[in-house]
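Topology and contacts: notes
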Amino acid sequence: MASSDRQSLIPSFLYTSSKTLLLQNLSNSSPDLAEISPAKKSLMIQSPSEPAGKIQMYSPEFYAACTAGGILSCGLTHMAVTPLDLVKCNMQIDPAKYKSISSGFGVLLKEQGVRGFFRGWVPTLLGYSAQGACKFGFYEFFKKYYSDIAGPEYATKYKTLIYLAGSASAEVIADIALCPFEAVKVRVQTQPGFARGLGDGLPKFVKSEGALGLYKGLVPLWGRQIPYTMMKFASFETIVEMIYKYAIPRPKSECSKELQLGISFAGGYVAGVFCAIVSHPADNLVSFLNNAKGATVGDAVKKIGVVGLFTRGLPLRIVMIGTLTGAQWGIYDAFKVFVGLPTTGGAAPVAAASEVAK
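Residues numbered from 1 in each chain as written. Predicted model: local features only at pLDDT ≥ 70, side-chain atom pairs only at ≥ 80, totals over all residues. Heavy atoms only, no water.

We now examine the overall build of the protein chain. The number of helices and strands found in the protein chain is 13 helices and 0 strands. The secondary structure elements of the protein chain, listed N-terminal to C-terminal, are α-α-α-α-α-α-α-α-α-α-α-α-α. Scored against the burial criterion, the 358 residues of the protein chain give a buried share of 52%. Pairs at least 24 apart in sequence give 76% of the contacts found in the protein chain among residues at least 6 apart. For the protein chain, the accessible surface area stands at approximately 15,700 Å², while carbon and sulfur atoms represent 66% of it. (Helix = DSSP H or I, 4+ residues; strand = E, 2+ residues; numbered from the N terminus. Buried < 20%, exposed > 50% of the residue type's maximum accessible area, 1.4 Å probe, protein only. Contact = heavy atoms within 4.5 Å. Areas by Shrake-Rupley, 256 points an atom, 1.4 Å probe, with all protein chains shown as cover.)

Between two aromatic rings, the relevant description is the distance of the centres plus the angle of the planes. Following the criterion strictly, the structure yields 20 aromatic pairs and no others. Note on phenylalanine 141 and phenylalanine 142: the rings are 5.2 Å apart at their centroids and 75° apart in plane angle, and the pair reads as edge-to-face. On the basis of relative accessibility, which here comes to 14%, the residue phenylalanine 142 falls in the buried class. An aromatic cluster is defined as three or more aromatic residues linked by ring pairs; in this entry it consists of Tyr58, Phe62, Tyr63, Phe138, Phe141, Phe142, Tyr145 and Tyr146. Seen from the ring of phenylalanine 194, arginine 187 lies directly overhead, with NZ or CZ sitting 5.4 Å from the centre. Cation over ring: lysine 204 sits above phenylalanine 194, and NZ or CZ is 5.4 Å from the ring centre. (Phe/Tyr/Trp six-rings, centres within 6.5 Å; stacked < 30°, edge-to-face > 60°. Lys NZ or Arg CZ within 6 Å of the ring centre and 35° of its normal.)

On to unusual backbone geometry, then. In this structure, tyrosine 58 is a non-glycine residue whose phi angle is positive, near 60°. Relative to the helices and strands, tyrosine 58 is located in the loop between α1 (20-29) and α2 (60-80).

Once that is clear, we can look at the nonpolar core. One finds Phe62 and Leu341 to be the most contacted residues of the largest nonpolar core, which totals 28 residues. Element by element, the count of residues in this core is highest for helix α8 (residues 218-247), at 6 residues. Every residue in contact with phenylalanine 62, bar those within four places of it in the chain, is listed here: Ile55, Gln56, Met57, Glu140 and Leu341. (Core = buried A, V, L, I, M, F, W, Y, C linked by side-chain atoms within 4.5 Å.)

As a further point, take the packing of α2 against helix α12 (residues 314-338). Look at α2 against α12: their axes get within 8 Å of each other, and the N-to-C directions meet at 145°. Once α2 is placed against α12, the crossing between them reads as right-handed. Facing Ala65, Cys66, Ala68, Gly69, Gly70, Leu72, Ser73, Cys74, Thr77 and His78 of α2, the residues of α12 in contact are Leu324, Ala327, Gln328, Ile331, Tyr332 and Phe335. Tallied by class, the residues present in the contact of α2 with α12 amount to 10 nonpolar, 6 polar and no charged. (Axes fitted to C-alpha atoms, helices over the stretch in contact; angles between N-to-C directions. Left-handed = near helix turned anticlockwise from the far one by under 90°. Nonpolar A, V, L, I, M, F, W, Y, C, P; charged D, E, K, R; others polar.)

Bringing α12 into the picture now. The periodicity of an α-helix, 3.6 residues per turn, causes residues three or four positions apart to be oriented the same way. Between the first and last C-alpha of α12 there are 35 Å, a value that for 25 residues agrees with the 36 Å anticipated at 1.5 Å per step. Downstream of α12 by a residue or two, glycine 340 has a phi angle that is positive, lying close to 95°. (Expected span 1.5 Å × (residues − 1).)

Moving on to the pattern of salt bridges. Tallied over the full model, the rule gives 17 salt bridges. One connected set of salt bridges, linked through shared partners, spans Asp85, Lys88, Glu182, Lys185, Arg224, Asp283 and Arg317. (Salt bridge = Lys/Arg side-chain N within 4 Å of Asp/Glu carboxyl O.)

The next point concerns the confidence of the model for the protein chain. As a general rule, the predicted coordinates of low-pLDDT regions are not to be interpreted in detail. Looking at the protein chain as a whole, the pLDDT averages 82, with 82% of positions reaching at least 70. In this model, residues 1-27 is a region of pLDDT below 50 whose contacts with residues beyond four sequence positions or in other chains number 62 contacts. (pLDDT = per-residue confidence, 0-100.)

For the rest of this paragraph, the subject is helix α5 (residues 121-157). Helix length check: α5 (37 residues) gives 43 Å between terminal C-alpha atoms against 54 Å at 1.5 Å per residue, more than 12% under. If you look at α5, its biggest bend is around 120°, right at glycine 151, and the proline proline 152 turns up within four residues after that. (Bend = angle between axes of the 7 residues up to and from the residue.)

A few words on the environment of isoleucine 277. Here isoleucine 277 is to be found in helix α9 (residues 257-291). Linking isoleucine 277 and threonine 311, residues 34 residues apart in sequence, is a C-alpha distance of 9.0 Å. When neighbours within four sequence positions are excluded, isoleucine 277 is seen to be in contact with Leu314 and Ile318.

Turning our eyes to something else, we now look at empty space enclosed by the protein. Summed over all chains, the structure comprises 2 cavities of 30 Å³ or more. In this model, the largest cavity occupies a volume close to 170 Å³. Lining the largest cavity are 21 residues, and of these His78, Tyr128, Met320, Ile321 and Leu324 lie nearest its centre. Broken down by secondary-structure element, the contributors of at least two residues to the lining of the largest cavity are α2, α3 (82-93), α5, α6 (159-190), α8 and α12. Considering every element that reaches the lining of the largest cavity, the biggest residue donor is α12, with 5 residues. Residues belonging to the lining of the largest cavity are distributed by class as follows: 7 nonpolar, 5 polar and 9 charged. (1 Å grid on protein atoms, 1.4 Å probe; cavity = no way out; pocket = protein on both sides within 12 Å on 5 of 7 lines; lining within 4 Å. Points joined across faces, edges and corners; volume = space filled by probe spheres on them.)

Here the focus is the side chain of threonine 77. Residue placement: threonine 77 occurs in helix α2. Within polar-contact distance, the side chain of threonine 77 engages the backbone oxygen of serine 73 at 2.4 Å. A polar contact of 3.3 Å, which involves the side chain of threonine 77, links it to the side chain of glutamine 328. Residues in contact with threonine 77, not counting those within four places in the same chain, are Leu72, Leu324, Ala327, Gln328 and Ile331. (Polar contact = N/O pair within 3.5 Å; in protein donor to acceptor, adjacent residues only side chain to side chain.)

Right, dumping it as C-alpha cells:
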C-alpha cells in the first residue's frame, strides 16, 4: 500500500502516519486503537471489543463489507415500509381520494385488502438493494479518495465538504441502479390493475414507454436523492460526532457496541427528518412523472403547485424517512461491527492526532 493511500483518511488518526513517536503516543493515550506493527506496511483497525485484523481498512474486502451492509440496510428497510410508501405515493398522485394518512390506509384496505399494502415490494427490495450497495460502498470509496486529494490538514478542516462530495458522487451512481425499479414500482403502486409486480410490470412498462422510459425519472430522481443522501451522510456524521462530544461522558472507544449502535440509530433518525424535508419536492415530481405517460416537470408543477411540491404527503414522509434512515444506519453499523469494523462517525480524530504530534 503506497504512503499516500495511508494518509488523509477520515478518521485519519486511526490508521495514518508513519512516525513512530506519534504512533506510540496514540497507543498510550488510547489503548483501544488499532495495533500497528512496524514490520508491516498494512495498517489494521479494530472495532470495540473485536479482535484486530479481521478486515484491512480500504482493502477490497473492506469495500465488499460496506457494499453488503448497504444492501441489507437499504433493501430490507425500504421493503419493510412498503405500506407507508404506497400510501405516500397515492397521496401525491390523487390527493382528492387519499386525503390523509388514516383515510389513505382505509381506502387501500377497502379496495385491495391487506395484501394490497405490499404491492410493489419486489421492485422496492431489488431496487433499493442495488441503490444501497452503490450508496454505501461508493461513499466509503469517495470519502477516502477525496480525503487523499485534500491531504491531512484540509481533510480535517473541510471534513463536512468531503462528506457532502463523497455522498453526492456515490448517489449519482446509486440512482442509475435504482431508477428502472423505481419507475416500475411507482406505476404498480399508483395504477391498480397495471401489473401485479416486477415480473409482469417491467415488460409492460417497456412496451408502453420504451426501454429509455425506465430512465424518464432519472433527473428528478437525482434531484430527490442527491440532496437527500448529502444530508443523510453529512448530518449523520455531524450529529453522531456531537453526541459523542457533548452527550456521552466517555470516549467512543470506551462505549459498548450496544451504545454505539443506539447512537447510530438516533443520529440516523434525526438525519432522516432533515433528509425528508430537503428532498420532498423532488419526491413529488418523481411520483408524478412515473405515473403519467408523457408528463413533464412543467406539467407536474402546474398540476401540483409550488406549495404542493413542498407539502403534499410531507408528514407521512417525515415519519417514514426518519424511521427508515435510523434503521438503515443501525443495520449498516451492526453489520460493520459483526465483520470486525468500527461503527461510523465519532469525535474528530485528526485534530486529536495533531494535538499529540505537537
